[in-house]
Amino acid sequence: MSAPHKLKKRELLELVWSKPMTALASDFGLSPNGLAKICDRVDIERPPKGFWANGVSPDIEVLVGALDDPDEEISIGGRVSSSRRSRTRLPLEQRKRQVLEEARKIATTEGVHEVSLRQIARNLGISEAQAHNCYSTREDILVELAYEEYQAFERVRKRIIPRGTTRITKIVMSSVSYLREAARRGPLLQQISADSKLRKAIDERAKAERGEALARHVNVIVANTRLSEQQAILKTKMMSAFVRKAGHLVAQNRISLEQAEILCVPVITDSALSD
């Protein structure tokens, strides 16, 4: 077996941006995927897909400046690559949970726009291919995160509702619990849902659960009021949208929790009494 190629990080970065990965990998006696994994492990940014067709070359010195140690020597090829970090092979479900939690961390500290499979892989010290094995796209991760947030809201709501002794108190307590969870959990769900494509995917994911909840609420209204089923559905959807909007404002710190409760409770109560 040939001796490994030894070079500095900055040198590898310059090479990566000088020719396509296929050609460069051949120079090292590696597969393109194998070289890509090495670059990911040592945090060397690679050209995005389609770059060589119409990409604009970046300022290499800026990329070099972003390296933690540009002069660190790495070894590629040969019997052992010292650039490879030791890592534990986790079962798929554990790795998916790890990837999801890292995505949550990035989203809450840096913003949803910073979530990417490449960044998650770098933060975890795994290859981008391993991250892709867990979730095919960035959108898949964000939808999963949003769905988990939705389930967290639902768990609290279902725990609170039985404490109400009347239909009206149950409705008020359900709405207030939503507002308080929005204040406690922050804007992650709202930020992800702001993207219409993601919102549609989230709605589809939660369609069955939301449908069951709506049906239960509508049945109670129809049984206890003079409203028709269609009227009960429309009224429920309107009040739900009203509370969700207030929760969005609370999560974004645009109004306080106290202000949201003062705004919502009288409207919800009056609506329930007028059924």
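### Some points on the packing of aromatic side chains
Phase 1: Taken as a whole and assessed by the stated rule, the structure comprises four aromatic pairs.
Phase 2: Between Trp17 and Phe51, the ring centres sit 5.2 Å apart and the planes meet at 85°, which makes this aromatic pair edge-to-face. One end of the pair, Trp17, is in the loop between α1 (9-16) and α2 (21-28); the other, Phe51, is in helix α4 (residues 51-54), with 34 residues separating them in the sequence.
Phase 3: Relative to Tyr178, the ring of Phe153 has its centre 4.9 Å away and its plane inclined at 40°; by these criteria the two rings are tilted. A residue pair is termed long-range when its members are at least 10 positions apart, and Phe153 in helix α9 (residues 138-160) and Tyr178 in helix α10 (residues 167-185) qualify at 25 residues.
Phase 4: Given a relative accessible area of 6%, Phe153 falls into the buried group.

### Description of α10
Phase 1: Across its 19 residues, α10 extends 27 Å between first and last C-alpha, which sits within 8% of the 27 Å expected from 1.5 Å per residue.
Phase 2: When we look at burial in α10, the residues that qualify are Ile171, Val172, Ser174, Ser175, Val176, Ser177, Tyr178, Leu179, Glu181 and Ala182.
Phase 3: Elements in contact with the buried residues of α10: α9, α11 (188-193), α13 (207-224), α14 (229-251) and α15 (257-273).
Phase 4: Two residues or fewer after α10 comes Gly186, characterised by a positive phi angle close to 85°.

### A short note on a negative patch on the surface
Phase 1: Taken together, the side chains of Glu11, Glu14, Asp59, Glu61 and Glu73 define an acidic patch exposed on the protein surface.
Phase 2: Here Glu14 lies in helix α1.
Phase 3: Assessed through its relative accessible area of 35%, Glu14 is described here as partly exposed.

### Overview of the nonpolar core
Phase 1: Ranked by internal contacts, the top residues of the largest apolar core, which has 39 residues, are Val115, Ile120, Ile141, Leu142, Leu145 and Ile192.
Phase 2: Those residues within four positions of Val115 in sequence are excluded, and the remaining contacts are Ala103, Ile106, Ala107, Ile120, Arg138 and Leu142.
Phase 3: One finds Met21, Leu24, Phe28 and Ile76 within the second-largest nonpolar core, a separate group that totals 20 residues.

### Description of unusual backbone geometry
Phase 1: The residue Asp43 is not glycine, and still its phi comes out positive at about 60°.
Phase 2: Residue classification places Asp43 among the partly exposed positions, given a relative accessible area of 26%.
Phase 3: Positive phi values are uncommon outside glycine, yet Asn253 reaches one of about 60°.

### A few points about the pattern of salt bridges
Phase 1: Throughout the structure, instances matching the rule amount to 19 salt bridges.
Phase 2: A salt bridge links Lys9 to Glu72, with the shortest nitrogen-to-oxygen separation between them at 3.2 Å. Taken as a pair, Lys9 in helix α1 and Glu72 in the loop between α5 (60-65) and β2 (73-76) lie far apart in primary sequence, 63 residues in all.
Phase 3: With its nearest N and O atoms 4.0 Å apart, the salt bridge here joins Arg138 to Glu139.
Phase 4: The exposure class assigned to Arg138 is partly exposed, which follows from its relative accessible area of 26%.

### Let's talk about the confidence of the model for the chain
Phase 1: Residues with a pLDDT of 70 or more make up 94% of the chain, whose mean pLDDT is 87.
Phase 2: Considering each helix and strand of the chain separately, the mean pLDDT is smallest for α4, with a value of 80, and largest for α14, with 93.
Phase 3: Across residues 80-87, confidence stays below pLDDT 50; counting only partners more than four residues off in sequence or on other chains, it has 20 contacts.

What counts and how
Residues numbered from 1 in each chain as written. Predicted model: local features only at pLDDT ≥ 70, side-chain atom pairs only at ≥ 80, totals over all residues. Heavy atoms only, no water. Phe/Tyr/Trp six-rings, centres within 6.5 Å; stacked < 30°, edge-to-face > 60°. Helix = DSSP H or I, 4+ residues; strand = E, 2+ residues; numbered from the N terminus. Buried < 20%, exposed > 50% of the residue type's maximum accessible area, 1.4 Å probe, protein only. Expected span 1.5 Å × (residues − 1). Contact = heavy atoms within 4.5 Å. Patch = residues over 30% accessible without salt bridge, like charges linked within 9 Å, V, L, I, M, F, W, Y side chains within 5 Å. Areas by Shrake-Rupley, 256 points an atom, 1.4 Å probe, with all protein chains shown as cover. Salt bridge = Lys/Arg side-chain N within 4 Å of Asp/Glu carboxyl O. Lys, Arg positive; Asp, Glu negative; His and termini not counted. Charge placed at Lys NZ, Arg CZ, Asp CG, Glu CD. Core = buried A, V, L, I, M, F, W, Y, C linked by side-chain atoms within 4.5 Å. pLDDT = per-residue confidence, 0-100.

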